[in-house]
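Structure assessment
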Amino acid sequence: MNIRNYLTLLLILFGLKAFSQQIINGFAMPESVTSDGKRYFVSNQGQDVFSKDGDGFISEISEDGKIIDLKFLPRKGILHAPKGMTVADNILYVADLDRIIGFDINTRKVVFEVIIPEAKVLNDICRLESGSIGVTETVSGNIYKVNTQTKSVEIIDNMPTVNGINYNGQTKQLVVCTNGKNYGEGSVYIKTGNGDFRELPNIANGFFDGIEWMDDNHLLISDWVTFPVKDFGKLWIYDLAEQTSQVYFTGESVADIYYNPATQKIYMPQMFHNKVIIADKNKITETAQTKHNILYNYGIIDAFIGGLYRGTLPIKDLKLKGDFGIGAPDMLDGELTMIDGKAYQTKATGETVVLDNDHKTSFSSVTFFKADTTFYVNTATEQKALLETIAHTLTNKNEMYAIRITGTFSYVKTRAFPPLWEEPFPVLSSILDRQLFFEHQNTTGTFIGYYLPEYLNGINASGFHLHFLSTDKKQGGHILDFKGQNLKIDIARQKSFKLEVPTDGDFQNFKFRKKHNEDLKRVEQGQ
């Protein structure tokens, strides 16, 4: 990986919306915060996060956010671009490009140093057992174990673009998170004891940075989101027992976080705004939800069914607008379904695959899904009866609702269209004979979609529009019929609607059919 490209990826930060918090200004590219429970330290990378320019330093701050000593370390010698830190036995270990420096926090003297010649960007660092520390190196993906007594160094694993690392001595579990291929497709991994790393399920891909143990069963993870980052960052809380994740939005991405379990405060460095934010966990989870349940619509469905099948919006940009939704892949090639931040394509062959970030969509509707109504249907039911039940539950038929249905299905009928390559493209209604049908028996999975009001018809499809994705992610498509039981229905009322239309020539020159509204015409003309 090219280091300069990696730097470009990091230069993406923006203002954090206010919730209950303490803001500390005056740092120089702060990357990491750590503590021994009593004293708090901030790493400052200086002007260049990759150069050996000697302008890095460590600050000491108070628990409540006051700067005690801006340039607490180094007292002698230099730091270049310090990143991750950890404290063990009064020694502050710091990852500084290709070396690990240990400072006695009482005397401020250097008491430890190890150089790893092949390393370029040593990133995060954590305590392990038996006097060892773990260190990640993002460029190579190496995860190092360093013995602080003998200064021996060994590679214990390799994870491409690995970033955050943390160890739980009680449960003997090591967790890491990655930036991911194309910087935004990262994942979170865990290993117990001498076992292998396994990827944690049910958390969207991201550009993950810091990872903290909140307790033995919950992780806190910072997420820059992807490249380019626009308007927000994320904090994730992951429940290891339930294997579920909950996302909380921040107005700006944050780097290597620190969590204090005793006070439940989160310390978040904002690198390129030279700030550290201290916020109460409960306040964040109560208020940092402003992006949930805003329906984002890309394209006009009348134009899509009229033949505009060529994709114009990359999936990586669609993911910035939502983690749940449906749409159309490039060139009418099957059906697009998004769940948990991952986009899937069900092809006319019946195969379902994960879409690459560079794939483009011609029409999609997505939202950051957070249910406000949940109910269950345990008895056997069919499509007509269940949709009627859901419709009766909706309090306002002129509002927009995202709908997620999970459970067991004795029968699901879906469809997908094969791709079209030759222009001019026919209108969709003229090629219905080309659609392929799939009948799935005795399967489990999720229905993803919407109930939209009549006034959006033409921009989107009014009424119910649902796609299917099986639990194993191998089956999918646009739903035509189903029978199921033991179903959980989650409904999320959409607070607002945002429409973005393509800017390409095909859309600009598309001729929409005129729709007549005599009442509106009379009002406008005053007759």
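To start, this report covers the structure provided alongside it.

Calculation notes
- Residues numbered from 1 in each chain as written.
- Predicted model: local features only at pLDDT ≥ 70, side-chain atom pairs only at ≥ 80, totals over all residues.
- Heavy atoms only, no water.
- Buried < 20%, exposed > 50% of the residue type's maximum accessible area, 1.4 Å probe, protein only.
- Helix = DSSP H or I, 4+ residues; strand = E, 2+ residues; numbered from the N terminus.
- Pairing = 2+ DSSP bridges.
- Phe/Tyr/Trp six-rings, centres within 6.5 Å; stacked < 30°, edge-to-face > 60°.
- Lys NZ or Arg CZ within 6 Å of the ring centre and 35° of its normal.
- Axes fitted to C-alpha atoms, helices over the stretch in contact; angles between N-to-C directions.

**Digging into the pairing of strand S29 (residues 342-346)**
Burial within S29 is extensive, with 4 of its 5 residues counted as buried. Linking strand S28 (residues 335-339) back to S29 in an antiparallel pair, the connection comprises 2 residues, with aspartate 340 at a positive phi of about 55°. In the sheet, S29 pairs with strand S30 (residues 352-354) via 3 bridges, with the strands oriented antiparallel. Bridging across to S30, tyrosine 344 finds its partner in valine 354. Counting the residues in the hairpin turn of S29 and S30 gives 5 residues, including glycine 350, whose phi is positive at 95°.

**Some words on the packing of aromatic side chains**
Applying the stated criterion to the full structure yields 22 aromatic pairs. Each ring, one from phenylalanine 249 and one from phenylalanine 368, has its centre 4.7 Å from the other, and the planes form 65°; the classification is edge-to-face. Here phenylalanine 368 lies in the loop between strand S31 (360-367) and strand S32 (373-377) and phenylalanine 249 lies in strand S21 (residues 244-250), a separation of 119 residues in the sequence. The same class applies to phenylalanine 249 as to phenylalanine 368, namely buried. Through a chain of ring-to-ring contacts, the aromatic side chains of Phe304, Tyr309, Phe363 and Phe425 assemble into a single cluster. The ring of phenylalanine 197 has lysine 191 sitting right over it, with the charged end atom 5.3 Å from the ring centre.

**Focus on the sheet that holds strand S5 (residues 67-73)**
Taken together, 4 strands build an open sheet; the order of strands is S2-S3-S4-S5 and the sheet is antiparallel. Each edge of the sheet is formed by a strand with only one pairing partner; in this case those strands are strand S2 (30-35) and S5. For this sheet the average axis-to-axis angle between neighbouring strands, irrespective of direction, equals 25°. Of the pairings in the sheet, the one linking S2 to strand S3 (residues 40-44) comprises 5 bridges and is antiparallel in character. Of the residues in S3, the one forming a bridge with serine 35 is tyrosine 40.

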